[in-house]
Amino acid sequence: MKNLQGLSAFVEAADAGTLTAAAARLDVTPAAVSKGVARLEQQLGVRLFNRSTRRLALTEEGRRFLADARAALRQLDAAVEGVSQAAATPR
């Protein structure tokens, strides 16, 4: 789970197109999104975004990784939802 923040930051930034918009969606600071993505890039050993002062553009590696990252987050959300529903069901 140590990459969860970076993974979420990456997917939101890719969807939003800017770190600021991603930060607003995640209710964190733009610096937190930037650091999360930077840590993820460092761990993966690839650059996921080409950054400019106003825009983010996915690199080829970023485009390939995005689909897998989205799927992983969806699967995690489904697992959390399943456990939450099971816990709410009276026995």
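Check the entry above for the structure.
First, a word on scope: everything that follows refers to the structure included in this document.

Scoring rules and cut-offs
Within any chain, residue numbers begin from 1 and follow the written order of that chain's sequence. Local features in this predicted model are restricted to residues whose pLDDT is 70 or higher, and side-chain atom pairs enter the listing and the counts only when it is 80 or higher, whereas totals over whole chains, interfaces and linings include all residues. Side-chain metrics in this entry use all non-hydrogen atoms of the structure; hydrogen atoms and water are not considered. Note on aromatic contacts: the rings of Phe and Tyr and the six-membered ring of Trp form a pair at centre separations within 6.5 Å, being stacked when their planes are under 30 degrees apart, edge-to-face when over 60 apart, and tilted otherwise. A run of H or I in DSSP counts as a helix once it spans at least four residues, and a run of E counts as a strand once it spans at least two, with each numbered from the N terminus. Working definition: with a 1.4 Å probe on protein chains only, accessible area under 20% of the residue-type maximum means buried, over 50% means exposed, and in between means partly exposed. In this description, a nonpolar core means a group of buried Ala, Val, Leu, Ile, Met, Phe, Trp, Tyr and Cys residues linked to one another through side-chain atoms lying within 4.5 Å. We call two residues in contact when some of their heavy atoms are within 4.5 Å. In protein, a polar contact means a hydrogen-donor-capable atom and an acceptor-capable atom, both N or O and within 3.5 Å, with residues adjacent in sequence counting only if both atoms are side-chain atoms; elsewhere, any N or O pair within 3.5 Å suffices.

### Focus: the packing of aromatic side chains
So, point 1. The tally for this structure, following the rule as stated, stands at two aromatic pairs.
So, point 2. Aromatic pair F10 and F49: ring centres 5.4 Å apart, planes at 55°, arrangement tilted. Taken together, the residues span a long stretch of sequence, with F10 in helix 1 (residues 4–16) and F49 in strand 1 (residues 49–51) at a distance of 39 residues. In terms of burial, F10 and F49 fall into one category: buried.
So, point 3. Taken together, a centroid distance of 5.5 Å and an interplanar angle of 40° make the contact between F10 and F65 tilted. With F10 in helix 1 and F65 in helix 4 (residues 60–88), the pair connects residues that are 55 residues apart, well separated along the chain.

### Section: the nonpolar core
So, point 1. F10, V11, V33, V37 and F49 are the most contacted members of the largest nonpolar core, which has 16 residues in total.
So, point 2. Looking at this core, the elements that each hand over two or more residues are helix 1, helix 2 (19–26), helix 3 (30–44) and helix 4.
So, point 3. When residues of this core are assigned to their parent elements, the largest contribution, five residues, is made by helix 1.
So, point 4. The contact partners of F10, leaving out residues within four places of it in the chain, are V37, L40, L48, F49, L58, G62, F65, L66 and A69.

### Structural notes on the side chain of E41
So, point 1. Tracing the sequence through the fold places E41 in helix 3.
So, point 2. Residue classification places E41 among the buried residues on the basis of a relative accessible area of 8%.
So, point 3. Within the structure, the side chain of E41 is placed 2.8 Å from the backbone nitrogen of L48, a separation counted as a polar contact.
So, point 4. Each residue touching E41, except ones within four places of it in the same chain, is listed here: V46, R47, L48, F49 and R51.

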